[in-house]
Amino acid sequence: MAKNRVLLVLEIVLLVAMSASPAGCGSSHASSQATPRATASQRLDTGPLGLPLYCPDRITHDQQGNIYVGDKWSGRARIIKLSPNGRELAEWHVFTVHDPPLVTDGPFGLAVDAQGNIYVADGGDNTIKKLSPTGQLLATWGKTGSAPGELSWPQGVALDPQGNIYVSDFNNSRIQKFSSTGTLLAVFGNTGSSIEQLRNPVGIAVDTQGNMYVSDIRNHRFVKFSPDGKFLTAWSGAGSKSFSSAKDLAVDSAGNVYIGDGNNHRLVKLSPTGKVLAIWERPMEFVNGVTVDLQGNVYITAYPVPHREGGEVRKLSPSGAVLATWSATCPVG
């Protein structure tokens, strides 16, 4: 039991550190006395301004195959838009950052709708922000709390075929469903370890039928829900290994599920029923974010293990071959 408690503590520490400050992406001097400030609200920067990346976190794509990366470090918080071949197209700074910066600051989950609007979980002020395709802030909803419609460190963001938004509400251990204009539509999930409960959900993805897949990090499993939030099934491992600090996941157009299995340094591909289709191991390292484009190419954000200076966005073919790597400068300490 003592060993399990130690592992659980280490897992949560790793989640916080890797989510916003992989061994240095943030400030070790953050405190409850920090005061919020916005990072150049609605500043639109286009062209090759910010590459290489700071510390890439979550990742998603649009219907044209462009890639969006939440990128943050030491009080800097932005979204980078990249072409499919890694050329920077734009960067946007519309996120709340505290002074001194907190590891919970900045963009987490990302999703892009059919019109190119971008939905982002902003951990700095516990809101969801909707941006136009050119980065203008269109709407903000949510606030800190545990009541319906309120959020506490929102993590994953996903869209269903109707354009509704699903948010994994980490500290409240639940999923919240909103319309594209921010109207609360549903809340499901509650804290616990039983098969239908959640304990700190992180990643979330929705397939073409509206089924939801959620990474339940403290219960060490991935849970599948129906469109109305009914529990369908759960997976706790693949091959001979149980999932360990597996944070993010993505679903392709055929309904296959890609799981970034963090501490196992691998990417796992499952069928919609949970059959193991592929396991890609090192050089996976610690996989932080996952997305799959319409051609089946997989993009991940990853960090060296044990942590060394660096990190990267990596593009993989449908068979797992490395097609491209874009480096980051995330420091150690």
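Our subject is the structure listed above.
Let me begin by describing the structure that accompanies this report.

Cut-offs used in this document
Residues numbered from 1 in each chain as written. Predicted model: local features only at pLDDT ≥ 70, side-chain atom pairs only at ≥ 80, totals over all residues. Heavy atoms only, no water. Buried < 20%, exposed > 50% of the residue type's maximum accessible area, 1.4 Å probe, protein only. Helix = DSSP H or I, 4+ residues; strand = E, 2+ residues; numbered from the N terminus. Pairing = 2+ DSSP bridges. Axes fitted to C-alpha atoms, helices over the stretch in contact; angles between N-to-C directions.

### As for the pairing of strand 10 (residues 127-131)
Here's step 1: Of all five residues making up strand 10, five are buried, and the element is well covered by its neighbours.
Here's step 2: Burial along strand 10 is two-sided: Thr127, Lys129 and Leu131 and Ile128 and Lys130, pointing in opposite directions, are all buried.
Here's step 3: With five bridges connecting them, strand 9 (residues 118-122) and strand 10 associate as antiparallel partners. If you follow Ala121 over to strand 10, its bridge partner there is Ile128.
Here's step 4: Bridge count for strand 10 against strand 11 (residues 137-141) is four bridges, and the pairing is antiparallel.

### Some details on the sheet that holds strand 13 (residues 165-169)
Here's step 1: Ordered in space as 12-13-14-15, the four strands form an open sheet in which the pairing is antiparallel. Strands at the two margins of the open sheet, each flanked by one partner only, are strand 12 (154-159) and strand 15 (184-188). Direction aside, neighbouring strands of the sheet carry axes that sit 20 degrees apart on average.
Here's step 2: Two elements, strand 12 and strand 13, share four bridges in a ladder whose sense is antiparallel. Paired with Leu159 across the bridge in strand 13 is Ile165.

Keep in mind that these numbers describe shape and distance, not what the molecule does.
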